Amino acid sequence: MKSLIDIIDISVEEIEELCSTACDIIAHPEKYREACKYKTLATLFFEPSTRTRLSFESAMLGLGGSVLGFSEASSSSASKGESVADTTKIVSGYADIIAMRHPREGAALVGACSALIPLINAGDGAHAHPTQTLTDLLTLYREKGRFSGLTVAFCGDLKYGRTVHSFIAALSRYENNHIILVSPEELAIPDYIKEEYLSRMSYEEVRDLEDALPRADVLYMTRIQRERFSDPEEYERLKNSYCLTAEKMTRAKETMSILHPLPRVNEISVAVDDDPRAAYFRQAYNGKFIRMALILKLLRENDGERFAVDTTNLTISETPCPNSKCISHNEQELPRYLTRDSHGNVRCLWCETIVTK
Ligand code: NCD
C-alpha cells in the first residue's frame, strides 16, 4: 500500500494485521518507542480537528518520530490560493509521510497523486475518512471480537457523515451484517453508498431511533454537521433530530456497544457516559494505536514509487462535476476524469458522485 485514500484500498487481511499490530502496541508500547526514529509526519489540516490530528501526532511521537504541520487552512498558503497538488508536492521534501484533512471531496486523491511520499486521508469533505474507520474496526475487534454477524444501526447525519460512509464500505466486505439507517429524510445516505456497498448487505431505513435500539448490536451515533449545510435554516430544523438518553438505553440490548466518532454536541446525553455500553471514549483511545500501526505499515512498504491512478479506462467530462463540493472545482487544470462503476454508473473519479446512471 502506497497511500490510504479509501478504506477499500486495504484488504481484509491487512485490516486484521493492522488491528493485531495495534493490540500489540497497546500491550507493549516500549517495543515500538524508536520504530520511526528520524522519520517525520506532516499533518496538513485544512479543516479543524482535535482527535484525528492529535492522535496522528501522538502516534508518531509514540513511535519516536517527529511531527510538523498546520491545523487550519488560514495558516497555510492555501489562503493565498495554493493548490492541494502543489502543497503535497512541496511537503514531500520536508517529511516522510503526510496525514491530510481537507473540506473538499476528492482532495486526498488529488494530494496523493502529486505527493512523492505516502499520504493518509484524514477526511476529505463529506466523502471518506478511512482512519476513523480503522479506529471503528479496532473498537469492534476489542469490544465485540468480530466484524461479521452484527446488526449495526447508524443514526444522525448519514448524508454528510464521512465516517458513516467509510464504515459502511468496510462492513460490506464481511458476512451477515445487517445495517439499520436512522436519519431524517433530508440527511439520508447518498445513492452511491447504497449502490456500491449497501446493495451487498441487508439494510433498512427508519426514522425513529427507538425502532432500531432493541435490535442493534452496535449503535453508531453521529453529529449533525453544521459546517456542511449550505442552508443554515435547514441545520436549525434538523440539529436536534436525535438524542440518546439513559432512559432510551433501557430499550437496548445489554451487550450493545455505542460508538461515536466524536465530537458530540447533544446527540448523546452525558448521563449515558457512565453506562458500560458507552464505548466512544475507548474508541477515541484506540485511534492512536491503529494510526501507529498504519504509519508503521506505510513507511515499511514505501518503495519510493509514486501513488498514481490508472487512467486507461477513464474518460474526460466536458462539463464540471455536479457536486459543488468536489475538489475538481478548485484545483487548477485538474482533468475531469470519469470512471464507470460495477453497476454501470458514470462517476467523478475524484469525489465519486454519480454523474449519469
Ligand atoms: C468526525 C469527522 O471529522 O468526520 N470526527 C472525527 O474524525 N473524529 C465526525 C464529526 O466531525 O462529526
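Predicted model only: the values in this text are computed from it and were never measured.

Undergrad: What is the right way to look at unusual backbone geometry in this model?
TA: A negative phi angle characterises most non-glycine residues, just as the trans form characterises most peptide bonds. The peptide bond linking Leu-262 to Pro-263 adopts the cis configuration, its omega dihedral lying at 10°. Secondary-structure assignment places Pro-263 in the loop between β9 (257-259) and α11 (280-301). Positive phi, close to 65°, is recorded for Leu-262, a residue that is not glycine. Among the secondary structure elements, Leu-262 is positioned in the loop between β9 and α11. Look at Leu-262 and you get buried, because its relative accessible area is 14%. In this structure, Glu-333 takes a positive phi of about 55° despite not being glycine.

Undergrad: Explanation requested: the pairing of strand β5 (residues 151-155) in the structure shown.
TA: Regular strands place their side chains on alternate faces of the sheet. Counting buried residues in β5 gives 5 out of 5 residues, a clear majority hidden from the surface. Burial along β5 is two-sided: the residues Thr-151, Ala-153 and Cys-155 and Val-152 and Phe-154 are all buried. Each parallel crossover has a hand, and the one from β5 via helix α6 (residues 162-171) to strand β6 (residues 178-182) is right-handed. Across 4 bridges, β5 lies against strand β8 (residues 218-221) in parallel orientation. By the bridge assignment for β8, Ala-153 is matched with Leu-219.

Undergrad: I keep staring at the side chain of Ser-317 and nothing clicks. Help me out?
TA: Topologically, Ser-317 is positioned in the loop between β10 (315-316) and β11 (337-340). When its relative accessible area of 12% is taken as the criterion, Ser-317 is described as buried. Reaching out from Ser-317, the side chain makes a polar contact with the backbone oxygen of Thr-319 at a distance of 2.7 Å. Setting aside anything within four residues of it in sequence, one finds Ser-317 in contact with Arg-336 and Leu-338.

Undergrad: Even after reading the chapter, I still don't get the site of the ligand, so can you show me in this structure?
TA: The immediate surroundings of the ligand are formed by Arg-51, Thr-52, Arg-101, His-129, Gln-132, Arg-162, Thr-163, Arg-223, Pro-261, Leu-262 and Pro-263. Within the side chain of Thr-52, an N or O atom sits 3.1 Å from an oxygen atom of the ligand. Note that a nitrogen atom of the ligand is positioned 2.9 Å from one of the backbone N or O atoms of Pro-261. Protein chains bury 94% of the 310 Å² of accessible surface belonging to the ligand in isolation. At the level of elements, α2 (51-62) and α6 are the ones that each hand at least two residues to the shell around the ligand. Across the shell around the ligand, the residue classes tally to 3 nonpolar, 4 polar and 4 charged. When residues of the shell around the ligand are assigned to domains, at least three fall in each of domain 1 (7-129 + 285-301) and domain 2 (146-281).

Procedures and definitions
Residues numbered from 1 in each chain as written. Predicted model: local features only at pLDDT ≥ 70, side-chain atom pairs only at ≥ 80, totals over all residues. Heavy atoms only, no water. Helix = DSSP H or I, 4+ residues; strand = E, 2+ residues; numbered from the N terminus. Buried < 20%, exposed > 50% of the residue type's maximum accessible area, 1.4 Å probe, protein only. Right-handed = clockwise from strand over helix to strand, strands pointing away. Pairing = 2+ DSSP bridges. Polar contact = N/O pair within 3.5 Å; in protein donor to acceptor, adjacent residues only side chain to side chain. Contact = heavy atoms within 4.5 Å. Near = heavy atom within 4 Å. Areas by Shrake-Rupley, 256 points an atom, 1.4 Å probe, with all protein chains shown as cover. Nonpolar A, V, L, I, M, F, W, Y, C, P; charged D, E, K, R; others polar. Domains from an automatic or database assignment.

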